[in-house]
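Residue-level structural notes
Listed below are the residues making up each chain.
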Amino acid sequence: MPSPDIAAVADEAVTLVSELIQIDTTNTGDPDTLVGERAAAEYVAEKLTEVGYEITYVESGGRDRHNVIARLPGADPNRDALLIHGHLDVVPADASEWSVHPFSGAIRDGYVWGRGAVDMKDMLGMTLALARHYKRNNIVPPRELIFAFLADEEAGGQYGAQWLVSHRPELFEGATEAISEVGGFSLTLTEDVRAYLIETAEKGIRWMKLRVRGTAGHGSMINNDNAVTKLAEAVAKLGNHQFPLVLTDSVREFFAGVSDLTGLEFPEDDLDGAVAKLGGIARVVGATLRDTATPTMLNAGYKANVIPSVAEATVDCRILPGRMAAFNAELDEILGPDIEREWLELEPVETTFDGPLVEAMRTSLLAEDPDAHTLPYMLSGGTDAKAFDKLGIRSFGFCPLRLPPELDFAALFHGVDERVPVDALKFGTRVLDRFLRSC
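Cut-offs applied
- Residues numbered from 1 in each chain as written.
- Predicted model: local features only at pLDDT ≥ 70, side-chain atom pairs only at ≥ 80, totals over all residues.
- Heavy atoms only, no water.
- Helix = DSSP H or I, 4+ residues; strand = E, 2+ residues; numbered from the N terminus.
- Rg over C-alpha atoms; globule rule 2.2 N^0.38 Å.
- Buried < 20%, exposed > 50% of the residue type's maximum accessible area, 1.4 Å probe, protein only.
- Areas by Shrake-Rupley, 256 points an atom, 1.4 Å probe, with all protein chains shown as cover.
- Lys, Arg positive; Asp, Glu negative; His and termini not counted.
- Charge placed at Lys NZ, Arg CZ, Asp CG, Glu CD.
- Contact = heavy atoms within 4.5 Å.
- Pairing = 2+ DSSP bridges.
- Axes fitted to C-alpha atoms, helices over the stretch in contact; angles between N-to-C directions.
- Expected span 1.5 Å × (residues − 1).
- Arc of directions from axis to C-beta.

**Observations concerning the overall build of the chain**
- Counting its regular elements, the chain contains 12 helices and 19 strands.
- For a compact globule of 439 residues, the expected C-alpha radius of gyration is about 22 Å, and the chain comes in at 23 Å, within 12% of that figure.
- Principal axes of the C-alpha set define a box for the chain whose edges measure 75 × 50 × 45 Å.
- Residues classed as buried in the chain amount to 56% of the 439 residues present.
- Summed over all atoms, the accessible surface of the chain reaches about 18100 Å², with 48% contributed by carbon and sulfur.
- In the chain, which carries 40 positive and 69 negative side-chain charges, the distance between the mean positions of the two groups comes to 2 Å.

Below is the structure:
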């Protein structure tokens with residue numbers, strides 16, 4: 001059964017999502033230009049203390065990097081705790097490209113609009129609304145719940161989840177399982193088949209800085225040791241390289257599930273073509289078939305007629321579980337010995353799609369959508385699950401949303417006109433309520 005007054009809780013979740021979006025928490029990755037998460041953390045802390053929570057408020061290194069953690073005791077103190085975590089920061093947005101201001105939190109045309117609507121202030125708003133509801137009404141979940149609102153996920157979590165795991169692991173003591181973003185959303189496979197994708201695996205993240213040194217000089221003179229030229233050649237070679245096809249257990253299980261539901265086949269000799277038939281989600285699924293190394297930034301020179309001595313590039317590398325050594329060997333072959341490299345590394349994570357927690361997800365979804373099917377999938381990006389994996393916490397992406405079939409949901413992540421359906425937020429709040437009171 002749903003919680004008492006769940007409709008009012010769902011309405012509050014929509015309001016909270018809008019208000020959270022209105023707090024600019026842009027994370028550029030540059031300490032000199034980031035806005036920081038302090039205002040959002042203070043907002044969350046106030047909402048929690050208002051209903052009686054004792055919170056832990058942590059500044060996690062750096063300027064304005066703030067986190068809020070609160071616990072709600074469960075009925076069985078001998079059971080392990082469940083961690084529900086989400087990040088307060090968002091990626092930058094150029095307002096000139098948007099239909100609405102990216103920090104307006106506008107509610108119109110059946111959507112809540114703004115940067116963070118799907119990544120991931122939707123989950124924060126639903127979580128916060130339910131946390132407040134349980135405390136106000138003395139609702140005791142079956143196991144202890146740990147609510148964590150975190151900083152810096154969009155830049156790798158080194159001043160957020162990674163910092164907390166290294167410096168304050170006791171805050172998550174007793175937690176063995178966790179849920180967070182980028183899972184539980186619906187994918188309409190055919191007119192009458194709707195699957196909810198639950199994230200069980202993530203590719204590893206390696207943000208690589210390439211550096212090439214050459215001979216400085218005047219731009220009008222011949223220079224056979226031009227750092228910019230050497231870097232451009234290396235970046236182009238890497239950016240055009242296709243890594244080999246690798247089918248992990250999580251991806252195979254996803255394909256098998258889709259085949260069972262739709263009859264669609266995924267032959268290895270035309271896997272890219274078969275994946276393309278999945279619509280918008282093909283962007284994500286296609287990126288889980290192989291490692292990727294995507295150049296994203298270039299930096300060289302300071303004057304039009306001066307050849308610089310150093311040129312740099314940033315490459316976003318995403319590596320499948322079990323592929324790190326092979327990826328490194330392939331990178332050595334592509335780049336050669338003369339390209340310097342620096343790394344920020346976050347390991348892949350993967351778990352199995354089974355157990356009581358998965359069954360609670362499936363049951364909660366079916367209660368709100370009797371036609372629901374659940375499938376595991378691998379996320380091509382990364383989340384703070386990578387940090388909590390170091391504590392032995394088994395992580396799932398479960399932010400339930402029933403989406404309109406025509407919505408290209410994958411394109412909204414870090415995209416222009418990011419938005420989340422109001423009805424999906426209300427649906428998700430009801431599903432999460434059932435899940436948290438039964439898991």
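More follows now that the structure is in view.
**Observations concerning the side chain of Ser250**
- The residue Ser250 is located in helix 6 (residues 249-262) in this model.
- Sequence-distant contacts of Ser250, defined by excluding residues within four places in its chain, comprise Thr200, Ala201, Glu350, Thr351, Pro376 and Met378.

**Observations regarding the sheet that holds strand 4 (residues 107-108)**
- The sheet built from 3 strands is open, its strands ordered 4-5-19 with antiparallel pairing. Where the open sheet ends on each side, the last strands, each with one partner, are strand 4 and strand 19 (419-421).
- Contacting strand 4 and strand 5 (111-113), helix 1 (residues 6-21) crosses the sheet at an angle of about 20° to strand 5.
- Helix 12 (residues 422-436) contacts strand 4, strand 5 and strand 19 of the sheet and is inclined by roughly 65° relative to strand 19.

**Focus: helix 9 (residues 324-335)**
- For helix 9, built from 12 residues, the straight-helix expectation of 16 Å at 1.5 Å per residue is met to within 8% by its first-to-last C-alpha distance of 16 Å.
- Inspection of helix 9 places Met324, Phe327, Glu330, Leu331, Ile334 and Leu335 among the buried residues, and these make up the whole buried set. In an axial view of helix 9, the angular spread of the buried residues amounts to 125°, which keeps them on one side of the axis. Among the exposed residues of helix 9, those oriented more than 90 degrees off its buried face are Ala325 and Glu333.
- Check the buried side of helix 9 and you find it contacts strand 10 (204-213), helix 5 (227-239), strand 12 (292-300), strand 14 (310-319) and strand 15 (340-346).
- Gly336 sits one or two positions beyond helix 9 and adopts a positive phi of about 80°.

**Looking at the pairing of strand 6 (residues 145-150)**
- Of all 6 residues in strand 6, 6 are buried; the element is thus mostly enclosed.
- Burial of the side chains of strand 6 extends over both faces: Leu145, Phe147 and Phe149 are buried on one face and Ile146, Ala148 and Leu150 on the other.
- Alignment of strand 2 (residues 66-72) against strand 6, held across 5 bridges, turns out to be antiparallel. Its bridge partner lying in strand 6, Ala70 is registered against Phe147.
- Strand direction decides the pairing type here: strand 3 (residues 81-87) and strand 6, joined by 6 bridges, are parallel. Bridging across to strand 6, His87 finds its partner in Leu150.

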